[in-house]
Amino acid sequence: MNTSFEITHMMHITETPITHAPNIESHVSGCLKINGINYYQAVIVGSWHITELPSTFTPQDLNTHSFQAAIDDKAEVIIIGTGDKQQFLNPQINIALAQQGIGIEYMNTASACRTITLLQSENRNVWAWLWA
């Protein structure tokens, strides 16, 4: 059995840091580290800012009006990081954002942090609601 092979194409990946976008450094259950600051409650990560949400605010409290700032900022995609477990929200939210040309994804917060970082590296205007 011949197991040798030849690499014919090589892909070079270059990281392009975005200086204005919040930098999500780490996430462990109950804590998000963004731009060197630890957050122990839910936050909104916009294209250039971070906003803390009240400690009692849950993903189920989101409604179509919750996303107006992201719509005004012409967000391309919104990521909802719902904590340790993925949760889906009211489908009316999806419909309202789709009518604005904005995609929305629901995932656990660890996956959300990785996805945001990837999208930011592509210079995408991404917003996120993250529960630590």
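Report on the accompanying structure. (Residues numbered from 1 in each chain as written. Predicted model: local features only at pLDDT ≥ 70, side-chain atom pairs only at ≥ 80, totals over all residues. Heavy atoms only, no water.)

## Quick notes on the overall build of the protein chain
Moving on, step 1. In terms of helices and strands, the protein chain carries three helices and eight strands.
Moving on, step 2. Sequence-ordered secondary structure for the protein chain, helices as α and strands as β, is β-β-β-β-β-α-β-α-β-α-β.
Moving on, step 3. Burial status across the protein chain gives 39% buried among its 132 residues.
Moving on, step 4. Excluding contacts between residues fewer than 6 apart, the proportion of contacts in the protein chain whose partners are at least 24 apart in sequence is 66%.
Moving on, step 5. A total accessible area of about 8300 Å² is found for the protein chain, and carbon and sulfur atoms account for 53% of it. (Helix = DSSP H or I, 4+ residues; strand = E, 2+ residues; numbered from the N terminus. Buried < 20%, exposed > 50% of the residue type's maximum accessible area, 1.4 Å probe, protein only. Contact = heavy atoms within 4.5 Å. Areas by Shrake-Rupley, 256 points an atom, 1.4 Å probe, with all protein chains shown as cover.)

## Quick notes on the sheet that holds strand β7 (residues 103–107)
Moving on, step 1. Pairing within the open sheet is mixed, and its five strands lie in the order β5-β4-β8-β6-β7. On the outer flanks of this sheet lie β5 (50–52) and β7, each paired with one strand and no other. Between one strand axis and the next, the sheet turns through 15 degrees on average, direction left out of account.
Moving on, step 2. Contacts from helix α2 (residues 91–99) reach β6 (77–81) and β7 within the one sheet, and its direction differs from that of β7 by about 145 degrees.
Moving on, step 3. In the packing of helix α3 (residues 109–121) onto the sheet, contacts are made with β6, β7 and β8 (126–130), and the angle to β8 comes to roughly 165 degrees. (Pairing = 2+ DSSP bridges. Axes fitted to C-alpha atoms, helices over the stretch in contact; angles between N-to-C directions.)

## Here we look at the environment of Gln41
Moving on, step 1. Take Gln41: it is sitting in the loop between β3 (37–39) and β4 (43–45).
Moving on, step 2. On the accessibility criterion, Gln41 (27% relative accessible area) is partly exposed.
Moving on, step 3. Linking Gln41 and Thr58, residues 17 residues apart in sequence, is a C-alpha distance of 9.9 Å.
Moving on, step 4. Not counting the four nearest positions on each side in its chain, Gln41 is found in contact with Glu52, Leu53, Pro54, Ser55, Leu130 and Ala132.
Moving on, step 5. Here Leu53 takes part through its backbone oxygen, which lies 2.5 Å from a polar atom of the side chain of Gln41. (Polar contact = N/O pair within 3.5 Å; in protein donor to acceptor, adjacent residues only side chain to side chain.)

## Points about the pattern of salt bridges
Moving on, step 1. This model, assessed by the stated rule, comprises two salt bridges.
Moving on, step 2. Between Arg124 and Glu76 there is a salt bridge, and its shortest N-O distance comes to 2.7 Å. One end of the pair, Arg124, is in the loop between α3 and β8; the other, Glu76, is in the loop between α1 (68–72) and β6, and 48 residues separate them in sequence.
Moving on, step 3. Of the residues examined, Glu76 reaches a relative accessible area of 34% and is grouped as partly exposed.
Moving on, step 4. The salt bridge involving Arg124 is made with Glu122; its shortest N-O contact spans 3.7 Å.
Moving on, step 5. According to the relative accessible area criterion, Glu122 is partly exposed, its value standing at 45%. (Salt bridge = Lys/Arg side-chain N within 4 Å of Asp/Glu carboxyl O.)

## Points about the nonpolar core
Moving on, step 1. Ranked by size, the top nonpolar core spans 19 residues in total, and within it Phe67, Ile78, Ile80 and Trp129 carry the most contacts.
Moving on, step 2. Within the residue set of this core, elements represented by two or more residues are α1, β6, α2, β7 and β8.
Moving on, step 3. In contact with Ile78, other than residues within four places in its own chain, are Phe67, Ala70, Leu97, Ile102, Gly103, Ile104, Glu105, Trp127 and Trp129.
Moving on, step 4. Ile24, Val45, Val126 and Ala128 belong to the second largest nonpolar core, which has 17 residues in total. (Core = buried A, V, L, I, M, F, W, Y, C linked by side-chain atoms within 4.5 Å.)

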